[in-house]
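Descriptive structure summary
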Amino acid sequence: MQEQRIRIRLKAYDHRLLDQSAESIVETAKRTGSRIVGPIPLPTDIERYTVLRSPHVDKKSREQFEIRTYKRLLDIMNPTAKTVDELKKLNLPSGVDIKIKV
């Protein structure tokens, strides 16, 4: 029989917030008696934007901005009913996107 797992993907622009959320999920899962794999850091998405500094002159003068999206992956192996209930009650900070696959 294949063991059940819950796969959780976290995304955020702030890596400290992301690690804090991942740590709270890990702590909750361990407290309820499930085995956890992760958090596994996934590659960071970097979006860069180049903007002209001046509206009509100085074509060579440009400014660059970037936004980084940090990602983490967590697997909870053989989750109990108590684990699922505790994860539903868990209050994660805003700014962290969470996707759960069963």
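Values in this document were obtained by computation on a predicted structure and should not be read as measured data.

1. A closer look at the environment of glutamate 66
Mapped onto the fold, glutamate 66 is located in strand β3 (residues 62-77). Classification of glutamate 66 as partly exposed rests on a relative accessible area of 39%. For glutamate 66 and glutamate 47, which are 19 residues apart along the polypeptide, the C-alpha to C-alpha distance reads 5.4 Å. Among the polar contacts listed, one links the side chain of glutamate 66 to the side chain of arginine 68, at a separation of 2.8 Å.

2. A short note on the nonpolar core
If you look at the biggest cluster of nonpolar residues, it comprises 15 residues, and the most contacted ones within it are Ile8, Leu10, Leu18, Ile25, Ile36, Leu74 and Ile76. Listing elements by their share of this core, those giving two or more residues are β1 (5-12), α1 (15-31) and β3. Per-element accounting of this core gives the leading share, five residues, to α1. When sequence neighbours within four positions are dropped, the list of residues in contact with leucine 18 reads Leu10, Lys11, Ala12, Tyr70, Lys71, Arg72 and Val96.

3. Considerations on unusual backbone geometry
Backbone phi values are negative for most residues with the exception of glycine, while trans is the configuration of most peptide bonds. For aspartate 58, which is not glycine, the phi dihedral falls at a positive 60°. Here aspartate 58 lies in the loop between β2 (35-52) and β3.

4. Some details on the pattern of salt bridges
Enumeration over the complete set of coordinates arrives at eight salt bridges. The residue aspartate 75 makes a salt bridge to arginine 7 at a minimum N-O spacing of 2.9 Å. Separated by 68 residues along the polypeptide, aspartate 75 in strand β3 and arginine 7 in strand β1 bring together distant segments of the chain. With relative accessibility at 28%, the residue arginine 7 sits in the partly exposed group. A salt bridge links arginine 72 to aspartate 19, with the shortest nitrogen-to-oxygen separation between them at 3.0 Å. Remark: aspartate 19 occurs in helix α1 and arginine 72 occurs in strand β3; sequence separation between them is 53 residues.

Parameters and conventions
- Residues numbered from 1 in each chain as written.
- Predicted model: local features only at pLDDT ≥ 70, side-chain atom pairs only at ≥ 80, totals over all residues.
- Heavy atoms only, no water.
- Helix = DSSP H or I, 4+ residues; strand = E, 2+ residues; numbered from the N terminus.
- Buried < 20%, exposed > 50% of the residue type's maximum accessible area, 1.4 Å probe, protein only.
- Polar contact = N/O pair within 3.5 Å; in protein donor to acceptor, adjacent residues only side chain to side chain.
- Core = buried A, V, L, I, M, F, W, Y, C linked by side-chain atoms within 4.5 Å.
- Contact = heavy atoms within 4.5 Å.
- Salt bridge = Lys/Arg side-chain N within 4 Å of Asp/Glu carboxyl O.

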